[in-house]
Amino acid sequence: MTKKLQPYLFLLIFFVAILLIFRYSGTFVEGSLGSPEIYISHSINNNSLTVKTANGFYDIGFLNDDIAEVNFYNDSVPKIDTSFAVILHADKHPISISNHTNHLSFFRNNFEILIGKKPFRISFIKDGDTLLNQRFGYFDHDTLQGFKFDLTSNEKIYGAGFRTTPTNRRGQRLNLYNQPRYGYSVNAPDLNFSVPFVLSSKGYGLLFDNPQKGLLDIDSTQQNVMEFSSIGGKMAYYVVAGNNYDSILYNYGKLTGFQPMPPRWVLGNIQSRFGYESREEAENVVDEMLKAGFPLDALVIDLYWFGEGVHDSFYMGNLEWYKKNWLSPEDMISRFKKNNVKTVLITEPFILKESKYFDTLSNAGMLGKNADGSTYVIEEFWFGPGGLFDIFQPKMQGWFWKKYKAQIDIGVAGWWGDLGEPETHPAEMFHSIGKAEQVHNIYGHYWHKMLWDRYAEEYPDVRLFNLNRSGFAGSQRYSIFPWSGDVSRSWQGLQAQPTAVMGMTLSGFSYMHSDLGGFAGGEKDEEMYVRWLQYGTFNPVFRVHGDFRVPVEPYQYSPKAQEILKKFINLRYQMLPYNYTLAWQNTTRGTPLTRPLFFVEPNNEEISGIDNTYLWGQNILVAPVLEKGRTTRKIYLPEGTWYDLFTDEKYKGGRWIEMPVTIESIPVFARGGSFIPMSEAIQNTEEYSSENLIIHYYLDADAEKSEFTMYEDDGKTNDAIKKGMFELLIFKAARFGDLHVFSFSRDIQGAYEGRPQQRNIELVMHGIENPPAFVMLGDKKINVVNSVYSFPKIHANSANFDSIENLLTIRFEWIGEMADLQVKY
């Protein structure tokens, strides 16, 4: 380098350094005009703080003691007070503010929002701990606008909806735009159901309240920055605090709504395929399932119900039975009902030009449009040229609902909504409330709301089952049961599912599940099919589905496979008391059915990214086998004592174990010190009753007290909790040295159909190594038989000790509201 160039090089380095200092010091903001974000003034209006800066206004407020809201607006960013996601209103609790030289302190109780003046920044502080800092202020980069937040170096970020990238999203750049991907498997970042909500290991949730096409960058540049942005629309976010992950999700449920109770049958076995082409075929499948001895609660009928299922004969949009292949469908539905099998039908929001209703809807202006107001015909749609329902129009919703109602009135029990991203949605299309990219992410949300509202109006006592693969934050309150789209029928597709489920669980959607067995492509693989269904036993919804290339019904597999699968499907039905209680916990508290291990050991860095081993509720741990030919499975067991659910072998937790596996089973464990209520095996949920309960209790020497509250209602009445049509069964255990004291109590909120007047209880105590000295029911002694053989199922007061299995089984009649039991051993 010549000496003449050296001064210019030094000058260049100097200017670059100055720019970097301004860029990262917090004294400069990428505002809409490139102007510094500087505090100017503030005022209090209606319990909300309004801060004026050089770039606009920030409305800052508290909705309650745990949720704060920030809403930015200026001349080019409109102030929008409505929300598609949020339903919680501020409670108007007294707030306080103090004005200091360099900052404002705005707080209520132990939640403080600190607003720096120069440089401008917003910090959220709970119980003295800083949860989150908004870096600089609102930014506008021409095509994207939004907010940036500081992340600490070791902070984990979870959620953001349906992805199959690692559950800890740190380092990922994710699109906020619902999009299908046929045959996806692992490491797919952008799929059908994006949710602009994340959950942080620092103890907060963050909701970006904007449905428009956007971006979530979670420190992809490794500069400890998280960015939420969109192409426009409302610029607002909510910070949700909590003492732990469960409490954050509970508060998020308050903010956006809780999932209603499912019909009990939804927790049973649902059989589906793409697709059953005729009434004869559908009836044959149901008959073969029952003949083979598989429990069954519902059959799903794909798009063949309204057409041939081939190009030029799909007739999508007709939404009427194709009578050529489905003669007298109401008779078929009635026939299924006599066997306690529900009928579920598919619907889509598209209409092909071949449909007899296309011109009607087009001429009425009820489809997506071009800029000139004419109907936008989608030429590249896989099923053929057609249009998209403008679901935002009330008259379109009314027409659509009439098609639903016609089928409900002949006995259809549930719905499968497909292609709801929407699958094909050209950016140039217009809807009544905006362009495609502005409303795309709330298209499914509006669809769900339409169904929910219409059911509430016309079938107010019926619980809605709405299977769908897309939506928005808050869609859970409309009783959506999301599934993970067109997954590859492959081991990689199976391996992606725990990640898919966990991402949605941590985004407020606890009923995420997959097409068991895989959907797209692939070949028949019995081992994979068995492993997928074993895993599905511990999923929120158990629904086998796949395309026509490979058999999907379990009776089409080998006798050995059928034997294994019957064991697991029967177990799912036996677990109905436990699983239905998990649904109640989710409805009332937002508690996830599927729980990551870090919920119980939040400070354990080693397990912060594990999702292929998880908790089913609080008392069961599941480690599905996800690889072909595996003979061992490495598993982390959290602190405590754990019992193999199938063999009763006991393990010490707080460590990794290597467990041998065979095709017959997968590793499943019960937590020591826990109750797991079950019932006897049944063929469908219509046979269910809690009159005879088998309550498993797993001893743990370190557990001095245990409790489980079981929820019961009629399994079908909508708003049973609100109407008081339920009861709670409360099981408690306390240990005093060698004495175990059990109490069973009923909290009867009101009458409901099928409520037992008394119950026959079989208490199974696991881990009893020696015969008990005595067993007392109230003040009466129960005789204990020492036998390794089972004794007759008589529900008189009796007990049996099995020295081989280390089991003590006590049977007694639970009459009245209370029962007490003492066991000394």
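Above this text is the structure in question.
Everything numeric here is computed off the predicted structure, so don't read it as measured data.

Definitions and cut-offs
Residues numbered from 1 in each chain as written. Predicted model: local features only at pLDDT ≥ 70, side-chain atom pairs only at ≥ 80, totals over all residues. Heavy atoms only, no water. 1 Å grid on protein atoms, 1.4 Å probe; cavity = no way out; pocket = protein on both sides within 12 Å on 5 of 7 lines; lining within 4 Å. Points joined across faces, edges and corners; volume = space filled by probe spheres on them. Helix = DSSP H or I, 4+ residues; strand = E, 2+ residues; numbered from the N terminus. Nonpolar A, V, L, I, M, F, W, Y, C, P; charged D, E, K, R; others polar. Polar contact = N/O pair within 3.5 Å; in protein donor to acceptor, adjacent residues only side chain to side chain. Contact = heavy atoms within 4.5 Å. Salt bridge = Lys/Arg side-chain N within 4 Å of Asp/Glu carboxyl O. Buried < 20%, exposed > 50% of the residue type's maximum accessible area, 1.4 Å probe, protein only.

This model, assessed by the stated rule, comprises 5 cavities of 30 Å³ or more. Computed from the structure, the largest cavity encloses a volume of approximately 110 Å³. Lining the largest cavity are 13 residues, and of these Gly257, Gln476, Gly508, Asn586 and Gly590 sit closest to its centre. Here the lining of the largest cavity gets 4 residues from one element, more than from any other, and that element is helix α2 (residues 245-256). Across the lining of the largest cavity, the residue classes break down as 3 nonpolar, 10 polar and no charged. By volume, the second largest cavity is sized at about 60 Å³. Along the walls of the second largest cavity sit 14 residues, with Arg489, Gly517, Tyr529, Val550 and Tyr557 positioned nearest its centre. When grouped by side-chain class, the residues that make up the lining of the second largest cavity number 8 nonpolar, 2 polar and 4 charged.

With that settled, consider the side chain of Arg543. By the secondary structure assignment, Arg543 is in strand β28 (residues 542-544). Within the local environment of Arg543, its side chain forms a polar contact with the side chain of Asp515, the two groups lying 2.6 Å apart. Among all residues touching Arg543, those that are not within four sequence positions of it are Ile270, Ser272, Leu467, Trp483, His513, Ser514, Asp515 and Leu516.

As a further point, take the environment of Thr717. Mapped onto the elements of the fold, Thr717 is located in the loop between β39 (705-712) and α13 (720-723). Residues Thr717 and Arg463, 254 residues apart in the sequence, show an inter-C-alpha distance of 6.3 Å. If we skip the residues at most four places from it in the chain, Thr717 touches Asp461, Arg463, Lys723 and Met725.

Within the structure shown, the criterion is met by 42 salt bridges. The partner of Glu283 in a salt bridge is Arg279, with the nearest N and O atoms 2.8 Å apart. You can see Glu283 and its partner Arg279 sitting in helix α3 (residues 279-291), 4 residues apart, about one turn around the helix. Among the residues examined, Glu283 registers a relative accessible area of 14% and is labelled buried. With a closest N to O distance of 2.8 Å, Glu320 and Lys356 form a salt bridge. Of the two residues, Glu320 sits in the loop between β19 (298-301) and α4 (329-338) while Lys356 sits in the loop between β21 (350-352) and α5 (358-363), which places them 36 residues apart along the sequence. Judged by relative accessible area, which is 52%, Lys356 ranks as exposed.

Let us look at the layout of surface pockets. Empty space among the atoms becomes apparent when a probe as large as a water molecule is rolled across them. In this structure, the largest pocket encloses a volume near 880 Å³. Around the largest pocket, the lining is made up of 33 residues, and of these Trp265, Lys342, Glu686, Gly715 and Lys716 lie nearest the centre. Elements with a contribution of two residues or more to the lining of the largest pocket: α4 and β20 (342-347). Partitioned by chemical class, the residues of the lining of the largest pocket number 13 nonpolar, 8 polar and 12 charged. Within the residue set of the lining of the second largest pocket, elements represented by two or more residues are β2 (48-53), β3 (56-62) and β4 (67-73). The element contributing the most residues to the lining of the second largest pocket is β3, with 4 residues. A class-by-class count of the residues in the lining of the second largest pocket yields 9 nonpolar, 10 polar and 6 charged.

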